[in-house]
Amino acid sequence: MQRLDIKIITGLSGSGKSTVLAAFEDAGFYCVDNMPVTLLPKFLEIPVEATGGVQGLAFVMDLREKDFLTSCPTVFAELKSKQYQLEILFLEADEKIIIQRYSQTRRHHPLADDKGLVPAIREERQRLEELRQSADRIIDTSRLTVHDLKSFIFKLLQKSTARSPMRIHVLSFGFKYGVPHDADIIMDVRFLPNPYFDPELKNLDGKSQSVNNYVLHNGTGREFMSRFLEMIDFLVPLYRNEPKAYLTIAIGCTGGLHRSVAVAEAVYDHLRKQEQPVEITHRNIRLR
């Protein structure tokens, strides 16, 4: 466990801690929100490495826990003395920005009670000042959008850790069963020759060599694949710099059995030869 980076995300309510935690999760960290700080040493005894692929641990801890401020100095000091790679990130924002964010989300400030939002914000800032002074990094999110804040965290991790590379998911589907809503790129390949109308190919799918030849080994198929793969090679680095944790390339035909499957397989093979972290799913291949 000591080999893993441990990030403590704390700071003012409304400063973007949930957004930062989501960014760490996308980067391959095991994330926990609102864990009591006194439980952290026990949690670190659990062999999380056994789950595989974990880049580090990230915890959001703040004044939602009543005893946080009284317990955290001792716990953090103890872990650092045991050579844990512990970093405290303190998030803050201007008072006007926090008020604006609360007015948009209509969430309850943990210290508001009957005193109102503004006094609660000021009390929290005062109570957290000592923790702020001891933090390893202070992040002012006042002028950062959600996208900007996630991008900032990703760039921060690129400098300090081996962040998990963007994973690519190639998905074939049939338009008659609906368009996948989580796709980043959607390519309609219903213009390609359709094996459905060939009695010898109708009951096969796009993974078979004969269907692949029918769909792709013709003038239109070859020209399309050349241009499509060139476009993917152009776009993937741009999406990676976005940065994104996942990229879904969806390829659709009418039923999701022949043309989309053949094209998806070709895209998958192309990316795999480049040693990209890629996986493939044929969503509708069993619905015939």
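Described in the following lines is the structure provided in the data block. (Residues numbered from 1 in each chain as written. Predicted model: local features only at pLDDT ≥ 70, side-chain atom pairs only at ≥ 80, totals over all residues. Heavy atoms only, no water.)

## Focus on the state of the cysteines
So, step 1. Counting across every chain of the model gives zero disulfides.
So, step 2. The structure places no disulfide on Cys 72, whose sulfur is separated from the nearest cysteine sulfur, that of Cys 31, by 20 Å. (Disulfide = S-S within 2.5 Å.)

## Remarks on the packing of aromatic side chains
So, step 1. On inspection of all chains with the given rule, the structure shows seven aromatic pairs.
So, step 2. For the ring pair Tyr 30 and Phe 43, a centre distance of 6.0 Å and an interplane angle of 35 degrees mean the geometry is tilted. On the criterion of sequence distance, the pair formed by Tyr 30 in strand E2 (residues 29–33) and Phe 43 in helix H2 (residues 40–43) is long-range, its members being 13 residues apart.
So, step 3. Residue Tyr 30 is classed as partly exposed on the basis of its relative accessible area of 39%.
So, step 4. Judged by centre distance (5.1 Å) and plane angle (80 degrees), the ring pair of Phe 191 and Phe 224 falls under edge-to-face. Residue Phe 191 is located in the loop between strand E7 (185–188) and helix H8 (209–216), and its partner Phe 224 is located in helix H9 (residues 219–240); the two are separated by 33 residues in the primary sequence. (Phe/Tyr/Trp six-rings, centres within 6.5 Å; stacked < 30°, edge-to-face > 60°. Helix = DSSP H or I, 4+ residues; strand = E, 2+ residues; numbered from the N terminus. Buried < 20%, exposed > 50% of the residue type's maximum accessible area, 1.4 Å probe, protein only.)

## Here's the deal with the environment of Leu 204
So, step 1. Mapped onto the secondary structure, Leu 204 falls in the loop between E7 and H8.
So, step 2. Sequence-wise, Leu 204 and Asp 114 are 90 residues apart; in three dimensions their C-alpha atoms are separated by 68 Å.

## Overview of the sheet that holds E2
So, step 1. In spatial order, the strands read E2-E3-E1-E4-E5; together these five strands make up an open sheet with parallel pairing. What marks the edges here is a single partner per strand, and that holds for E2 and strand E5 (137–140). Put simply, the sheet's adjacent strands are angled 20 degrees from each other on average, direction ignored.
So, step 2. With seven bridges joining them, strand E1 (residues 5–11) and strand E4 (residues 85–92) adopt parallel strand pairing. Of the residues in E4, the one forming a bridge with Ile 6 is Leu 86. (Pairing = 2+ DSSP bridges. Axes fitted to C-alpha atoms, helices over the stretch in contact; angles between N-to-C directions.)

## Brief notes about unusual backbone geometry
Phi is mostly negative for residues that are not glycine, and the peptide bonds are mostly trans.
So, step 1. Of note, the phi angle at Asn 34 is positive, near 65 degrees, even though the residue is not glycine.
So, step 2. Tracing the backbone through its elements, the reader meets Asn 34 in the loop between E2 and H2.
So, step 3. In this structure, Glu 275 takes a positive phi of about 60 degrees despite not being glycine.
So, step 4. Secondary-structure assignment places Glu 275 in the loop between helix H10 (259–273) and strand E9 (278–282).

## Quick notes on the nonpolar core
One recurring pattern in soluble globular proteins is that nonpolar side chains are buried together.
So, step 1. The biggest cluster of nonpolar side chains holds 34 residues, and the ones touching the most others in it are Ile 8, Leu 40, Phe 59, Met 61 and Phe 76.
So, step 2. The residues touching Met 61, leaving out its near neighbours within four places in the chain, are Ile 8, Ile 9, Thr 10, Met 35, Val 37, Leu 40, Phe 68 and Phe 76.
So, step 3. With 29 residues, the next largest nonpolar core counts Ile 168, Phe 228, Val 263 and Val 267 among its residues. (Core = buried A, V, L, I, M, F, W, Y, C linked by side-chain atoms within 4.5 Å. Contact = heavy atoms within 4.5 Å.)

## Some points on the side chain of Arg 101
So, step 1. Within the element layout of this structure, Arg 101 appears in helix H4 (residues 95–105).
So, step 2. The side chain of Arg 101 is buried and forms no salt bridge, while Asp 140, the nearest opposite charge, is found at 6.9 Å.
So, step 3. Non-local contacts of Arg 101, meaning those with residues more than four positions away in its chain, are made with Gly 14, Ser 15, Gly 16, Ala 93, Thr 141, Ser 142 and Leu 144. (Lys, Arg positive; Asp, Glu negative; His and termini not counted. Salt bridge = Lys/Arg side-chain N within 4 Å of Asp/Glu carboxyl O.)

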